[in-house]
Amino acid sequence: KDVLETLTNKSIDTLLQEEVLIPLGLKDMHFKGNEPIETHGAYGHMKYIPSDIYLAKRTMVAYTLQTTSESLAQFAIALHQRKGLKAETYHEMFKIHSTRSDGTKWGLGVRIESDEEGLNYGHSGSTSRGFISNLVFYDDSGLGYTVLTNTQMGGWLCLPLLKEFLITGKSN
């Protein structure tokens, strides 16, 4: 965040608007508190106890993005279709740059996995307030999904089912 702001002499919120949201036609992505989240945001649930809606006062790129599943899905589609960035940038983004000790491979901001359905890219996140998010798309088939839940159990409960029904087409 600080590097981008210094290099461009623009705030990260302005860069988000100019470089991502407007070019990709996205509207519901914010790095800090805003009226739509304040009015319509969900309460998180940690160990079945609701938490207040968190409205970040200051932009912290790594953990304050607030969005809707529709906007996250549109963003995933833009990534899959390689929209908004140069081909060389996408090449670097989707190339393995590091591998964690658990074997998870990472490009520039995207998790890179290969399974029986093919090569897929994704990103996930969670908060101490009970929110879980996940974005996955399979490069060859173009299939994928995004999910946003407001309970720490949400991802574990739905991710295997989403893959089974949306990606592999199994219905047993």
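Keep in mind that this is a model prediction, so the values were computed, not measured.

A. Representation of the nonpolar core within the structure. Grouped together as the largest cluster of nonpolar side chains are eleven residues: Leu 72, Ala 76, Leu 79, Tyr 90, Met 93, Phe 94, Val 110, Ile 112, Tyr 121, Leu 135 and Phe 137. At the level of secondary structure, the elements contributing two or more residues to this core comprise helix 4 (69-80), helix 5 (87-93) and strand 9 (132-138). Top element by residues in this core is helix 4. It accounts for three residues. In contact with Tyr 90, not counting residues within four places along its chain, are Ala 78, Leu 79, Arg 82, Lys 83 and Leu 85. Counting residues in each nonpolar core, the second largest holds seven residues, with Ile 12, Leu 15, Leu 26 and Phe 31 among its members.

B. Inspection of the sheet that holds strand 5 (residues 98-99) at higher detail. Judged by pairing direction, the sheet is antiparallel, and its six strands sit side by side in the order 5-6-7-8-9-10 without closing on themselves. Looking along the sheet, the strands with just one partner apiece sit at the ends: strand 5 and strand 10 (144-149). For strand 8 (residues 118-126) and strand 9, the ladder comprises seven bridges, and the chain directions are antiparallel. Pairing of His 123 across the sheet is with Leu 135, part of strand 9.

C. Focus on a nonpolar patch on the surface. Taken together, the side chains of Leu 161, Phe 165 and Leu 166 define a hydrophobic patch exposed on the protein surface, amounting to about 280 Å² of accessible area. In this structure, Leu 161 sits in helix 6 (residues 154-168). A relative accessible area of 45% means that Leu 161 is categorised as partly exposed.

D. Examining unusual backbone geometry more closely. Located in the positive-phi region is Asn 9, a residue other than glycine, with phi close to 60°. Relative to the helices and strands, Asn 9 resides in the loop between helix 1 (2-8) and helix 2 (12-24). At Arg 82, a position not held by glycine, the phi torsion is positive, near 60°. On the basis of relative accessibility, which here comes to 30%, the residue Arg 82 falls in the partly exposed class.

E. Expanded view of the side chain of Thr 149. Here Thr 149 is to be found in strand 10. Note on Thr 149: relative accessible area 15%, which makes it buried. Polar contacts involving the side chain of Thr 149 include one to the main-chain carbonyl oxygen of Thr 151, which spans 3.2 Å.

F. Just the pairing of strand 10, in detail. Pairing of strand 9 with strand 10 involves six bridges; the strand directions are antiparallel. Counterpart to Asn 134 in the pairing with strand 10 is Val 147. Counting the residues in the hairpin turn of strand 9 and strand 10 gives five residues, including Gly 142, whose phi is positive at 80°.

G. Representation of helix 4. With twelve residues, helix 4 should cover 16 Å at 1.5 Å per step; its first-to-last C-alpha distance of 16 Å lies within 8% of that length. For helix 4, the set of buried residues is Ser 71, Leu 72, Ala 76, Ala 78 and Leu 79. Taken end-on, helix 4 shows its buried residues confined to a sector of 160°, consistent with a single buried face. Its buried side turned inward, helix 4 meets helix 2, strand 1 (29-30), strand 4 (66-67), helix 5, strand 9 and strand 10. Just downstream of helix 4 lies Arg 82, where phi reads positive at about 60°.

About the criteria used
Residues numbered from 1 in each chain as written. Predicted model: local features only at pLDDT ≥ 70, side-chain atom pairs only at ≥ 80, totals over all residues. Heavy atoms only, no water. Core = buried A, V, L, I, M, F, W, Y, C linked by side-chain atoms within 4.5 Å. Buried < 20%, exposed > 50% of the residue type's maximum accessible area, 1.4 Å probe, protein only. Helix = DSSP H or I, 4+ residues; strand = E, 2+ residues; numbered from the N terminus. Contact = heavy atoms within 4.5 Å. Pairing = 2+ DSSP bridges. Patch = residues over 30% accessible without salt bridge, like charges linked within 9 Å, V, L, I, M, F, W, Y side chains within 5 Å. Areas by Shrake-Rupley, 256 points an atom, 1.4 Å probe, with all protein chains shown as cover. Salt bridge = Lys/Arg side-chain N within 4 Å of Asp/Glu carboxyl O. Polar contact = N/O pair within 3.5 Å; in protein donor to acceptor, adjacent residues only side chain to side chain. Expected span 1.5 Å × (residues − 1). Arc of directions from axis to C-beta.

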